[in-house]
Protein chains: 2
Amino acid sequence: MHLRAALLPLALLLGASPVRADEGMWTFDNLPLAALKAKYGFEPDAAWLKRLQLGTLKFPGGTGAFVSADGLVITNHHVGRSWIQQVSTGKADLIRDGFTAPGRAGELKVPGLEVMMLVAADDVTAQVDAAVPAGASDGEALKARRNALSALRLAREQATGLVCEPVVLYQGGEYWLYRYRKFRDVRLVAAPEVQVASFGGDADNYTYPRWNLDFSLFRVYDQDRPYHPEAFLPFTAQPLRAGDLTFISGHPGMTGRKETLAQMRYMREVAIPFRLRTLARLRKALTAYGGTSAEARRVSSDSIYAVDNSRKRLEAQLAGLAKAGAFESVEAQEGALKAAVAADPELKARAGDSWARIDGAVAEERRLLPEYALEETWGSALLGFALTLTRLPAELAKPSSLRLSDFKEGTLAATRDRLTNSRTIVPSLDAVRIRTGLEEALELLGPAHPFVQAMLGGRTPADAAQAAIAGTRIQDPAYRRELMEGGQAALDASQDPMLVLARKLDPFNRASRRQWEDRVQGVLAEQGARLAEARFKAFGKSQYPDATSTLRLSFGPVATYATGSGTLAQPFTTFLGLYDRHAGWGGNAAAAEGGLWTLPQRWLDRQDRLDLRTPFNFIYGCDTVGGNSGSPVVNLRGEFVGINFDSVYEGQGGYYIYDPATKRAVAVDARAILESLRKVMDAQWVADELSRP
Amino acid sequence: MHLRAALLPLALLLGASPVRADEGMWTFDNLPLAALKAKYGFEPDAAWLKRLQLGTLKFPGGTGAFVSADGLVITNHHVGRSWIQQVSTGKADLIRDGFTAPGRAGELKVPGLEVMMLVAADDVTAQVDAAVPAGASDGEALKARRNALSALRLAREQATGLVCEPVVLYQGGEYWLYRYRKFRDVRLVAAPEVQVASFGGDADNYTYPRWNLDFSLFRVYDQDRPYHPEAFLPFTAQPLRAGDLTFISGHPGMTGRKETLAQMRYMREVAIPFRLRTLARLRKALTAYGGTSAEARRVSSDSIYAVDNSRKRLEAQLAGLAKAGAFESVEAQEGALKAAVAADPELKARAGDSWARIDGAVAEERRLLPEYALEETWGSALLGFALTLTRLPAELAKPSSLRLSDFKEGTLAATRDRLTNSRTIVPSLDAVRIRTGLEEALELLGPAHPFVQAMLGGRTPADAAQAAIAGTRIQDPAYRRELMEGGQAALDASQDPMLVLARKLDPFNRASRRQWEDRVQGVLAEQGARLAEARFKAFGKSQYPDATSTLRLSFGPVATYATGSGTLAQPFTTFLGLYDRHAGWGGNAAAAEGGLWTLPQRWLDRQDRLDLRTPFNFIYGCDTVGGNSGSPVVNLRGEFVGINFDSVYEGQGGYYIYDPATKRAVAVDARAILESLRKVMDAQWVADELSRP
């Protein structure tokens, strides 16, 4: 079954070369090698694939890669940013000013940063399925599978000494345990200024042509010495050209392509618009807060950026889902599967009413959405901590299998770490989030709703939020540790106002989550798994699973596309364009749109040193999604040609529906990285190390 | 009444500065000076306006302007192109290689090129309206007005010795005679290579960011000496910046913004899709023909380019009309006018049923469209000549007022000129057009339709087209003159196969045109005029008339917009971006997409001479449409800051519905013209003349 391309009027009109892009985020155990060979005449061997697998790293929030024999690791600047922030000091703002270690001895150890290498993956589907008792309801089956997977994971970790992560593929069609080697000593080597890394800010985010030097370099150490990785991806000496086939390995986060038509319609008509309204409300509140002082502006800017990032992505997804004919391919696929199920008595017995049951779950989802979305902590770190602390003793009193997920044996340690780490919190920002959440609850659930009554207790949202913030000590890690270690008695003794609010929230949050699991999630998991089974039986394992933040391989050529602005995108940008966009907005003097296209002074002073024709960013037809940030892009030789950092606006509908005409990933060209290190960033020695084969 | 802006999610999301763009293509007799003063604090005086009026020229197919005291005229390269072609020779391809006169003595006289300056404009509405007899039907009224206007024009031309053109404003709400001084000695001074003038070809056409050096320079001579114009627009010495207010004067061709909702729906649902299908069919046929030989490829490329240009414009218009909420402003305006008409007995009597009558005309239009569109000459020059020749004696036998429009006294001379000029015709291309037209008629009207039967006579479309081409002599201007001068006898004696085909076409074409005039055009003209009258009475003359290829003034600031690709467009581009786009497509070596982004060698050799940060193109919120090509853009001082050459893809819906968020015109910056003349085009002396105040 092949997804049909959306209409391509412009491309056809222009008589453009046939659009070439390739669908699929494939697991390494199930690569479409025959199709790859047929289309491109290339068949990677086992060693090629192993090198790519071991050379790719799981970096917190994205992907990274080993790129030198001495353990240099590359990822995006935006993936490494919070870690760069962590080693910044009042005197040295490494985000703003960039950083280049003067030599290996000057590399900065980043406390808490851990990266992981996938070593092996085991299919445990049979064991997990066997754990479901006969006659279990959908909700019971979900719990049984979760507990089985949890137990298998613990056993495997104890046996191997490696980090194990459970992985659910094909909507529950397969269960796996992925084993990782974890590296705990990671040091910052070099990073450009954020203004060059994210040139154009949120305006240019998700767009192309683009000029983002979005990389940062770290090094893995082992026993205080540079680590020599089993495999690394050397910077290529072969110039990448339009049409060249590329591969990307990384950790795409989540897609919904195997969802049913009913689920996609729900996303388009209900869930995404709901979320966009919430984000719009939050943005308005954050902006108003930011307008109250220079300091408020400073501390709110990251939150506003994050909101804008989400809004832009969701708006582009919505635009993709709203395109004429967007659902045609989904309908065709669903129709084919329905026909196959109807024609096979065994499949019919197992999955014949799965669509109807999913329809029912979606109807429940729609009904439950406001409570499920609003009986929450609204992104307030303080309220989140308070809720976790409130629950800890009660959860620990239960057997692991009955606990909420944060408190099960496999995740408990991480939860405890999170509770006691020393992340900076700005209480006044939390107050904005809590107030906004309460306002939304009041508006959507109504003043008579028990949750609203409990949380507000007759006060306005602003007053209730202020009361929770005023006098709370939850922002103090030492206080949180005291509460965590003091157990129920310490909690009971505390009248911290944030804990008081969390106690009110707790029962509502538990209840709406339970309803969601029973009536929505359980059904979707069980019936989704049955449809996946049916798909395997009907069509073989010819499809890739939806993205799950685990290692995947995609491939596709460097290729143009017809843009929403009416032209063909150029395959590469160059440094010339960086300075064009800078000057076209009036340069640093104009600092237009809040300075989005300004450049740090050394990038202006050293402009003449650069070979301005050096490729900067490029687009390529690999299938990616958020989580692929920092993924290495390699050529046929498996050599590093660039680092993925984004995908284009017009193709964001690809979260649900793949469209070869618009699905293009965006990468920083390896040549731009070397040129920048050498000519501007005073990092000749790093460039030399990267250039060593 | 203010048009409501379409939704601006991105701009709002980005927290962009308020979108500023200004609606209106105003006639010089009715400028919104108060609004201009209120919004921008600027009020041009009579001398300022007169200078702009006299400095602006009507250039065939567009607009031009006097830009030096010695009669230098600037227009777009694409407007001047056919004239540059005309002075090219086999040895000197001035389109491909560009041209710079070595000095005034080397300027090339362009035979046939005439430009016109608007000297005066007279309102003759009262006289025209008085010519309509009481109780006339809509069709009769239309004819009476046309004849009155024709007679007034002749009388005015004889009285003044100036060229007079009748102008219908406000859908027939006003009738005017515009008087022009005509300049008949125009010489080519300088033009860049077409590849730099139209860098990016059809792909970049109608888009932005853009790097088109789309200008050419001519000089008007009078009695063999450079003409010293009454007024000219000197190149400014003030650097133009984002936010600066600009003005554009020129000849926007046609808009349909005052059409009724029913008319716009008809365009969206019927007329534009119909035309797009015709163009797609023609493009396919031309491309197939072009594939038959290198020569066929060469001679068909201009036709394919023209088809692509039309298709892209219509597709973008359709996308504008298809936007969610696109018709809201139209509905609001129509609702307000309906309410005003209903509330006033006099208006109600006159225009109360105008909408219903227009609805009826639109229904007729829909019914008649296939015959009206297909009983035609399909763009075949040969068939067109043959049809005109066939009709000439019969039409001349009638009084002027009863003739078809090409044969009336005011236009007859031009028709005769056209018949006998020596334009090159490629018969095999005409054969493609005739065959394609016949195929479309066969498919849409059916084999039993009398027109299809008459034209095909039992043959296939290909055979019928071949028969008309084989042996025809109509491509020979001398033969056409012989037929023209020989009268009915010469025509009767000829069995030229193209004449034979034209004789078959003639009665069908006459009949479908007559039906169209009676049932569609007459009603739309009469009822449109009544609605215009009602609008004047209800709201005063606060609105501008739809574009009519006559002189208009628009204003608006240099301003960004939120693009269809998800970002904000940079107000200016620079030479840096020209070379970025060149290199990003792989340069001349790759010659990607048929070489759309290649550059002539001297532009590469002399790149280092250029100040690459010089502004190249810019966008600004003036209201324009096709016909504004070549229009001068001036600053508050009335000085030339750039030459308009396009408007952006996202705003093409502005043909029908103005949207301040996306309506942006694109101009070549005056500084790019001077920099190019000086550094690359060996035209220092021209740049010096342009820099003289």
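Reading the values: the criteria
Residues numbered from 1 in each chain as written. Chains lettered and ligands numbered in written order. Predicted model: local features only at pLDDT ≥ 70, side-chain atom pairs only at ≥ 80, totals over all residues. Heavy atoms only, no water. Helix = DSSP H or I, 4+ residues; strand = E, 2+ residues; numbered from the N terminus. Expected span 1.5 Å × (residues − 1). Buried < 20%, exposed > 50% of the residue type's maximum accessible area, 1.4 Å probe, protein only. Contact = heavy atoms within 4.5 Å. pLDDT = per-residue confidence, 0-100. Pairing = 2+ DSSP bridges. Polar contact = N/O pair within 3.5 Å; in protein donor to acceptor, adjacent residues only side chain to side chain. Least-squares fit on C-alpha atoms with pLDDT ≥ 70 in both. Axes fitted to C-alpha atoms, helices over the stretch in contact; angles between N-to-C directions.

> How would you explain helix α7 (residues 138–160) of chain B if you had to name every residue and give the values?
Residue and element names in this part refer to chain B. For α7, which comprises 23 residues, the first-to-last C-alpha distance of 33 Å matches the rise-based estimate of 33 Å (1.5 Å per residue) to within 8%. Those residues of α7 that sit buried are D138, G139, A141, L142, A144, R145, A148, L149, S150, L152 and R153. On its buried side, α7 packs onto α6 (125–130), β7 (163–169), β8 (174–183), α14 (354–374), α16 (409–420) and α21 (497–539). Positive backbone phi, approximately 75 degrees, marks G161, located one or two places after α7.

> Outline the confidence of the model for chain A, listing residues and values.
Averaged over all residues, the pLDDT of chain A is 93; the fraction at 70 or higher stands at 97%. Considering only residues more than four positions removed or in separate chains, one finds that residues 1–19 of chain A, a stretch of pLDDT under 50, has 42 contacts.

> Got a sec to walk through the pairing of strand β2 (residues 62–66) of chain B? Specific residues and values, please.
All names here are of chain B. Buried residues dominate β2, accounting for five of its five residues. Neither face of β2 is left uncovered, since the one carrying G62, G64 and F66 and the one carrying T63 and A65 both have all their residues buried. By the bridge criterion, four bridges tie strand β1 (residues 56–59) to β2 in an arrangement that is antiparallel. Bridge assignment links F59 to a residue of β2, and that residue is G62. Between β1 and β2, which follow one another and run antiparallel, lie two residues, and G61 among them has a positive phi close to 85 degrees. Judged from the two bridges that link them, β2 and strand β3 (residues 72–75) form a sheet pairing that is antiparallel. Across the sheet, residue A65 finds its bridge partner in β3, namely I74.

> Tell me about the side chain of R210 of chain B, residues and numbers included.
Residue and element names in this part refer to chain B. Looking at where R210 falls in the secondary structure, it is placed in the loop between α9 (201–204) and β10 (216–222). There is a polar contact of 2.9 Å between the side chain of R210 and the backbone oxygen of T207. In this structure R210 touches D204, N205, T573, N617, F645, D646 and V666, once residues within four positions along its chain are discounted.

> Lay out the environment of G61 of chain A with the relevant residues and their values.
Looking at where G61 of chain A falls in the secondary structure, it is placed in the loop between β1 (56–59) and β2 (62–66). A C-alpha to C-alpha distance of 9.0 Å links G61 of chain A and G253 of chain A, two positions 192 residues apart in sequence.

> Give a detailed account of the relation of the copies chain B and chain A, specifying residues and quantitative values.
The operation relating chain B to chain A is a screw motion whose rotation component is 180 degrees, with 0.0 Å of axial translation and a residual RMSD of 0.2 Å. Between the two chains, the operation in question is that of a two-fold axis. For chain B, the smallest separation between a C-alpha atom and the rotation axis is recorded for G564 of chain B, amounting to 2.2 Å. Interface overlap between copies: 100% of the residues of chain B at the interface are likewise at the interface in chain A, consistent with a symmetric, same-surface contact.

> For the sheet that holds strand β14 (residues 572–574) of chain B, give the residues involved together with the corresponding values.
All names here are of chain B. An order of β13-β12-β16-β17-β18-β15-β14 is seen for the seven strands of this open sheet, with the pairing classed as antiparallel. In this open sheet, the two strands that pair with only one neighbour each are β13 (552–557) and β14. The sheet shows a mean angle of 30 degrees between the axes of neighbouring strands, taken without regard to direction. In this sheet, strand β17 (residues 640–647) lies alongside strand β16 (residues 632–634) in antiparallel orientation, the contact comprising three bridges. Note that in β17 the partner of V633 across the bridge is G642. Lying on the sheet, helix α2 (residues 33–40) is in contact with β12 (245–250) and β13; it crosses β13 at an angle near 15 degrees. Running over the sheet, helix α22 (residues 575–584) touches β14 and β15 (615–620) and is turned about 65 degrees from β14.

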